[in-house]
Structures are given as C-alpha cells and as structure tokens.
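Observations on the model geometry
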Amino acid sequence: MIPIQLDNISKTYGESAAAVPTVSVDFTVEQGEFFTLLGPSGCGKSTLLRMIAGFIAPSAGTIRFADRDVTKTPAHKRGIGMVFQNYALFPHMTVAENVAYGLRLRRVSKDTREPRIERALQRVGLEGYGKRRIDQLSGGQQQRVALARAIVIEPEVLLLDEPLSNLDAKLREETRMQIREVQKAAETTAVYVTHDQAEAMAMSDRIAVLAGGRAHQIDSPQKVYNEPTTAFVARFIGRSNVIPGEVISLKRGTAVVRLGSGDAEVRRHAAMPLSAGEKVEVSIRPESLNVTSAADADLRGVVRSREFLGSTAVLEVDLEGVEQVITVSTPNVDVAAGDRIGFALGAGAGWVIPE
Ligand code: ADP
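Conventions adopted
Residues numbered from 1 in each chain as written. Predicted model: local features only at pLDDT ≥ 70, side-chain atom pairs only at ≥ 80, totals over all residues. Heavy atoms only, no water. Pairing = 2+ DSSP bridges. Helix = DSSP H or I, 4+ residues; strand = E, 2+ residues; numbered from the N terminus. Contact = heavy atoms within 4.5 Å. Axes fitted to C-alpha atoms, helices over the stretch in contact; angles between N-to-C directions. Buried < 20%, exposed > 50% of the residue type's maximum accessible area, 1.4 Å probe, protein only. Expected span 1.5 Å × (residues − 1). Lys, Arg positive; Asp, Glu negative; His and termini not counted. Salt bridge = Lys/Arg side-chain N within 4 Å of Asp/Glu carboxyl O. Parallel < 35°, antiparallel > 145°, perpendicular 65-115°, else oblique. Left-handed = near helix turned anticlockwise from the far one by under 90°. Nonpolar A, V, L, I, M, F, W, Y, C, P; charged D, E, K, R; others polar.

Attention now goes to the sheet that holds strand β2 (residues 23-29). Spatially, four strands are ordered β2-β1-β4-β5 in an open sheet, and the strand pairing comes out antiparallel. The two strands at the open ends of the sheet, each matched to only one other strand, are β2 and β5 (68-69). Helix-sheet contacts for helix α1 (residues 45-53) involve β1 (4-11), β2 and β4 (60-65), and the interaxial angle to β1 is about 125 degrees.

Sheet architecture is open: five strands sit in the order β15-β19-β16-β17-β18, paired in antiparallel fashion. Only two strands of the sheet have a single neighbouring strand rather than two, namely β15 (289-292) and β18 (322-328). Each neighbouring strand pair of the sheet contributes to a mean axis angle of 45 degrees, computed without reference to strand direction. Two strands pair when backbone bridges link them, and strand β17 (residues 313-319) and β18 are joined in this way by seven bridges, in the antiparallel orientation. In the sheet register, A313 faces β18, and the bridge partner there is V328.

As a further point, take the environment of V333. Looking at the element boundaries, V333 is found in the loop between β18 and β19 (340-345). Its relative accessible area of 10% is what places V333 among the buried residues. For the pair formed by V333 and T292, sequence separation is 41 residues and the distance between their alpha carbons is 10.0 Å.

To continue, consider helix α5 (residues 169-185). Taking 1.5 Å per residue as the helical rise, α5 with its 17 residues ought to reach 24 Å, and the 25 Å between its terminal C-alpha atoms agrees with that figure. As for α5, its buried residues are in contact with β3 (34-38), α3 (110-123), α4 (139-151), β7 (157-161), β8 (189-194) and α6 (197-203). Positive backbone phi, at 50 degrees, marks E187, one or two positions downstream of α5.

Moving on, we come to the side chain of R176. With respect to the secondary-structure elements, R176 resides in helix α5. Buried and without a salt bridge, R176 has E173 as its closest oppositely charged side chain, separated by 4.7 Å. In contact with R176, not counting residues within four places along its chain, are L164, A198, E199, A202 and M203.

Here we take up the packing of α4 against α5. Geometry of a packed helix pair, given as the angle between the helix axes and the separation of the axes. For the pair α4 and α5, the least separation of the axes is 11 Å and the interaxial angle reads 15 degrees. The orientation of α4 relative to α5 falls into the category roughly parallel. Where α4 crosses over α5, the two elements pack in a sense that is right-handed. Touching G140, R144, L147 and I151 of α4 are L171, Q178, I179 and V182, all from α5. Of the residues belonging to the contact of α4 with α5, the class tally is five nonpolar, two polar and one charged.

The structure is reproduced here in structure tokens:
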C-alpha cells in the first residue's frame, strides 16, 4: 500500500494564455485509504482521476506514488487497476479471459494466472463464473468482473470512475459495500469518483468535495457533514440549510448568532477569527430543525410553499424578510402557504461556515 501525493497539480485545457485551469489541487491520499473525489458534473473529477491514472498529463505539478515521481510515467507502468463507468469489458471473451487480460499483458505464466483469476473472482463473489460469456451476465455482475480484472494484477493504486452509475438504486447500495470490502481485502489505495454524495458518505475514509476545479474541503464523511467549510459543501452534502445571521457574542467553541429575530447558540471552529457584529452564514441540518409554535421558536417566519418529498419536506419560508428554502425531516408537518411557522434548533445544531 502506498500514498498518492498530488503536489500543486493543475490541468488547463487549451493553449490560450488566458485559459484558466479546469482543476487545481494539492493533497495526499494516505496509503490504504478509500478516498473519494465528489462534486457536481464538470467540476474536474474525471480530469483529476485521469491524471492520477496517467491518461492525461497535468499542465503543472507533480504526482508521486510513495517516493516515485510518476508525473511522466505512462499509465501501463504506474501499477494501477482501473474500473470504468461503462465496465469496458471485452464482450466476446469469457469472464476468465477478461480477468486474465492484465496478467497476460504482464506476461504472467498460465499456471500462475489461473489461481489468481479464481481468487479475484472469489473476492468479488463470482467464483465459478469464469467460463460464462460477458453478455450472459447482469450489469451488476459485469461491474464485478471489471473490479476483479482491476484487482487481479494486485495494483498498488485502484482507480474507480463512477463505477455504479449504470446500476439501479438497490444494486448500487449493495455493490458499494462490496467494492469497499474488496478494496480493503486487496490492501490497495483507492481513489473513487462520484457525483453522488450519499455514495461518497457511505464508502469513503475521506472525501474531497470539488467545485469549480478546486477542493472546497477534504475530510472524513462526518466532518464534511457536520462541519462544512463552505456554503457550497453545506448545501451539496445532505442538503443543509444555509441561513445568514449576525454574531452577537462568542463563547468557547460556539457563537450566539442572530438568525431572523431569534438568537441561537451554534457551533463554530475554535480557531476561526470572529467578532461580534460580523455577518456569517450558519449551516443547519434538516434533522436538527424542529417545527414548533412561533412563540418559543429560535427562527420565525411565514410559509410561502410546501413540497412533500417522503423522508423530508421542503418549505419556502419568509424569515422576517429573508427568503429561505428550509428542508425539514418531519415531512408530514401540517402547514400551508400563509401560515406562521417557528423552528427550534436542537442543541449543537448549527455550525458557523468558516469561508
Ligand atoms: P467531471 O468528471 O467532474 O464531470 P471533467 O473532469 O470531465 O468533470 O471535466 C471538467 C471540465 O473540463 C468540463 O468543463 C469539461 O468540459 C472540460 N474538459 C474535459 N475534458 C476536456 C478536453 N479534453 N478538452 C477540453 N475541455 C475538457
């Protein structure tokens, strides 16, 4: 297992001097880590993954696999296993022939190949499937063959580019746990690309939340969820409410912030410079906003509209002049447009967004 170091890596498409980098990052993936690049479409996730793979060259910066500078090393000499969204299997070959592919390229002898192929298929739960044709398998099984093909070469680095996006929701959930288990058992460092925040939260040791080509936050799923560093991260992960307010006073690790007409004590980063009177944004998770009578509420307003979404409801609320879209985790809340509404914040509910 090795760490992957991206040292001031950037990629600018196009030759013009005015072109701005599509992506620009600086971070290290620890050895054995399951590390996810998460962000909306077009934020540069695939570009970044392809640079780690060696399919495209960075415009600036250095990529290191442990002590090895691989910035100019071709993909096939980097020791990577790769899994693609569309599986990229050879449809006319059997499962075993597909898995054997990387071993053949590396001139591994037939005697050694066979037990390794069987072991890889076992790892992904496809033992005994070696002689099947690819077109006889379901989408989920095909993706597991692609995973077996990637790990059979015992790669130091496993790269996965949205491998679950062609599967239906239920199969996605089953397969994501399996990918995670296979990665840990194979003792490889993994970089995983997805635009699905729930998937990233479920699978990752750490997540890099990317937008506009930069990493807004690189942290554990818990940190990214509970302590988002930017309003973008707060909204993108778990659909947080972001509410503007004004700092009234500061305590150790918390701040009293005026939100609408009420004051609420919310968490903050201890090292964050803040002073009374400062305008801030507060991230509040849907599950920590409780609808209550306007009399004993921390936030008060008038409902403009209500949308039922099953596990949550989305309310458009005029919070004393500030229009807010508030997601609440009590979807059956009995309110209609024009009603006065109050929200109570659970203890430790809010978080002052540092940037
Ligand atoms: P993501 O994987 O997050 O959806 P990509 O890395 O595929 O994002 O793309 C990031 C941006 O770079 C997009 O705006 C895309 O249009 C642009 N881009 C990607 N590949 C090329 C290319 N070969 N030439 C020019 N622009 C590209």
